[in-house]
Amino acid sequence: MGSVVNKVKRWVKPVIQAMQPYHVADASGMVKLDAMENPYTWPEELKQRWLVELKEVDVNRYPDAHAGPLQEKLREVMAIPENMSIVLGNGSDELIQMIAMALAQTDRTYIATDPSFAMYRAITEAVDVKFKGVSLNDDFSLNPDLMLSAIDQHQPAIIFLAYPNNPTGNLFDAKVVENIIQAAPGVVVLDEAYHAFSGRSFMTRLNDFDNLLVMRTLSKSGLAGLRLGLLAGPNEWISELDKIRLPYNINILSQRTAEFILAHHEILDAQIQQICQSRDTLYALLADLNDIQVWSSATNFILFRSTIKPGDDIYHGLKKQGILIKNLHGNHQLLAQCLRVTVGTEDENIKFLDALKNLL
Ligand SMILES: *Cc1c(COP(=O)(O)O)cnc(C)c1O
């Protein structure tokens with residue numbers, strides 16, 4: 001047994017040994033405002049009808065390998081252009097992993113903005129590809145000059161752009177995004193995880209480019225527990241990615257549940273509308289506080305900075321009062337003393353604000 005450490009050291013890839021595990025904070029008993037979940041569940045009557053459908057599912061059988069009926073429903077609800085193909089992932093995280101694997105080769109580089117969604121870097125490093133983070137401007141807008149010179153220098157196989165961006169909450173300028181797509185030698189993955197809240201999209205522009213893929217997820221709109229993401233683009237790209245997709249990656253319960261709720265998507269739409277209203281209220285109340293700097297958001301979360309008290313103190317002070325949000329201090333110099341709060345129910349938002357006021 002003493003040799004297990006040596007064997008692991010010898011055989012596990014050094015990049016993986018050097019990685020930190022993805023940390024998920026323990027949220028038991030807390031008001032959970034850290035992970036951009038939709039705080040609302042379904043009406044009781046709808047849940048009953050859902051359970052009746054699940055009762056018919058044969059879990060002894062493998063699921064539909066291509067999730068055909070679900071693909072059709074998603075195409076309709078997300079208005080995917082007819083000539084474009086799609087591939088589904090067990091969350092969009094899995095789609096990032098698929099495309100990162102498919103294009104991975106020694107001496108290649110993938111690019112994302114910095115700050116941005118942490119999985120772009122983590123997955124790039126796990127597939128042994130170099131990662132280049134390109135700094136945003138002070139106001140979190142894209143810096144076209146920095147981006148274009150990084151493209152020129154690194155000739156990236158993939159550029160990941162979150163539209164809107166996480167954790168900053170803003171939408172990048174569409175014209176600058178377009179220039180980046182045109183300048184990119186490889187593929188641009190436009191991650192529209194917050195599309196439901198921003199209403200802005202490049203989905204209708206897929207036909208204008210030969211190197212654009214648009215990614216969506218159902219996680220932020222109310223189905224985080226299902227794990228379902230989608231990548232849309234020209235069949236030439238998608239059919240290659242589909243070769244490395246594990247055959248039954250979307251399980252049978254996720255398929256049936258997503259089909260069921262998408263047939264009633266007006267329920268989710270109403271929840272999203274409510275969240276957008278609550279976000280605007282929460283933004284205004286945060287903006288009224290002294291010693292807090294707040295950024296407007298096209299998502300279901302709000303980025304803010306504590307200008308006098310250390311961000312760490314705010315994070316731990318809120319936690320002591322039973323409120324869990326995300327501490328971003330230490331992630332990037334632009335995020336010094338910054339925190340990210342997910343928009344919850346009206347009641348949760350008030351609890352958060354009261355707890356925050358106690359600390360200021
Ligand atoms: C949350 C998030 C994802 C991950 O979504 P899943 O579908 O739950 O894996 C992807 N991209 C961005 C920008 C996100 O914020």
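As the structure is a computational prediction, the values presented were derived from the model and not from experiment.

Caption draft 1: Broad picture of empty space enclosed by the protein. Taken as a whole and judged by the stated rule, the model has one cavity of 30 Å³ or more. Looking at the lining of the largest cavity element by element, the count peaks at three residues for strand β2 (residues 85-89). Taken together, the residues that form the lining of the largest cavity break down as eight nonpolar, four polar and three charged.

Caption draft 2: Fine view of helix α12 (residues 252-262). Of all eleven residues making up α12, eight are buried, and the element is well covered by its neighbours. Listed as buried for α12 are Ile252, Ser254, Gln255, Thr257, Ala258, Phe260, Ile261 and Leu262. Summarising the contacts, the buried residues of α12 are in contact with α3 (44-55), α4 (68-77), α10 (219-223) and α13 (265-287).

Caption draft 3: Here's a closer look at the sheet that holds strand β12 (residues 326-327). In spatial order, the strands read β9-β10-β13-β12; together these four strands make up an open sheet with antiparallel pairing. Looking at which strands have only one partner, the edges of the open sheet turn out to be β9 (292-294) and β12. As paired strands, β9 and strand β10 (residues 301-306) are joined by three bridges and run antiparallel to one another. Across the sheet, the residue bridging to glutamine 293 is arginine 305, located in β10.

Caption draft 4: Broad picture of the sheet that holds strand β8 (residues 229-233). Here we have seven strands laid out as an open sheet, ordered β2-β8-β7-β6-β5-β3-β4, and mixed in their pairing. The sheet is open, and its two borders are formed by β2 and β4 (130-135), each paired with just one other strand. For this sheet the average axis-to-axis angle between neighbouring strands, irrespective of direction, equals 20 degrees. As paired elements, strand β3 (residues 109-114) and β4 share six bridges and run parallel to each other. Bridge pairing links threonine 109 to lysine 130 in β4. In this fold helix α5 (residues 92-102) packs onto β2, β3, β5 (158-162), β6 (187-191), β7 (212-217) and β8, with an angle of close to 115 degrees to the strand it touches most, β2.

Caption draft 5: Seen up close, the site of the ligand. Taken together, the neighbourhood of the ligand is formed by 13 residues, with Asp191, Tyr194, Thr217, Ser219 and Lys220 sitting nearest. Relative to its free-state accessible area of 390 Å², the ligand is covered by the protein chains to the extent of 94%. Of all the elements in the fold, those that place two or more residues in the shell around the ligand are α5 and α10. Of the residues that constitute the shell around the ligand, the class distribution is four nonpolar, five polar and four charged.

Caption draft 6: Main features of the pairing of β5. In terms of burial, β5 is a largely internal element, five of the five residues being buried. Along β5, one buried face is formed by Ile158, Phe160 and Ala162 and the opposite face, lined by Ile159 and Leu161, is buried too. Sheet topology note: the β3/β5 ladder contains three bridges and is parallel. Looking at β5, one finds that alanine 112 is bridged to phenylalanine 160.

Caption draft 7: Structural detail: the layout of surface pockets. As a volume, the second largest pocket reaches approximately 350 Å³. Together, 17 residues line the second largest pocket, and Val77, His195, Ala196, Ser221 and Asp269 are the ones closest to its centre. Every element with two or more residues in the lining of the second largest pocket is listed here: α4, α9 (195-198), β7, α10 and α13. With four residues, α13 is the single largest residue contributor to the lining of the second largest pocket.

Caption draft 8: Local environment of a nonpolar patch on the surface. On the surface, a nonpolar cluster with roughly 350 Å² of combined accessible area is contributed by Val4, Val5, Val8, Val12 and Ile16. At three residues, the largest contribution of residues to the nonpolar patch is made by helix α1 (residues 4-11). Examined against the element boundaries, valine 8 turns out to sit in helix α1. Overall, valine 8 belongs to the partly exposed group, its relative accessible area being 39%.

Caption draft 9: Expanded view of the packing of α5 against helix α6 (residues 118-126). The geometry of α5 relative to α6 is characterised by a closest axis approach of 10 Å and an angle of 40 degrees between their N-to-C directions. Taken together, the axes of α5 and α6 lie oblique to each other. Where α5 crosses over α6, the two elements pack in a sense that is right-handed. For the pair α5 and α6, the contacting residues are Asp93, Ile96, Gln97 and Ala100 in the first and Met119, Tyr120 and Ile123 in the second. Here the contact of α5 with α6 is built from residues that sort into five nonpolar, one polar and one charged.

Caption draft 10: Main features of α13. When the terminal C-alpha atoms of α13 are compared, their 33 Å separation across 23 residues agrees well with the 33 Å that a helix rising 1.5 Å per residue should span. Along α13, the positions that sit buried rather than exposed are Leu268, Gln271, Ile272, Ile275, Cys276, Ser278, Arg279, Leu282 and Leu286.

Cut-offs applied
- Residues numbered from 1 in each chain as written.
- Predicted model: local features only at pLDDT ≥ 70, side-chain atom pairs only at ≥ 80, totals over all residues.
- Heavy atoms only, no water.
- 1 Å grid on protein atoms, 1.4 Å probe; cavity = no way out; pocket = protein on both sides within 12 Å on 5 of 7 lines; lining within 4 Å.
- Points joined across faces, edges and corners; volume = space filled by probe spheres on them.
- Helix = DSSP H or I, 4+ residues; strand = E, 2+ residues; numbered from the N terminus.
- Nonpolar A, V, L, I, M, F, W, Y, C, P; charged D, E, K, R; others polar.
- Buried < 20%, exposed > 50% of the residue type's maximum accessible area, 1.4 Å probe, protein only.
- Contact = heavy atoms within 4.5 Å.
- Pairing = 2+ DSSP bridges.
- Axes fitted to C-alpha atoms, helices over the stretch in contact; angles between N-to-C directions.
- Near = heavy atom within 4 Å.
- Areas by Shrake-Rupley, 256 points an atom, 1.4 Å probe, with all protein chains shown as cover.
- Patch = residues over 30% accessible without salt bridge, like charges linked within 9 Å, V, L, I, M, F, W, Y side chains within 5 Å.
- Salt bridge = Lys/Arg side-chain N within 4 Å of Asp/Glu carboxyl O.
- Parallel < 35°, antiparallel > 145°, perpendicular 65-115°, else oblique.
- Left-handed = near helix turned anticlockwise from the far one by under 90°.
- Expected span 1.5 Å × (residues − 1).

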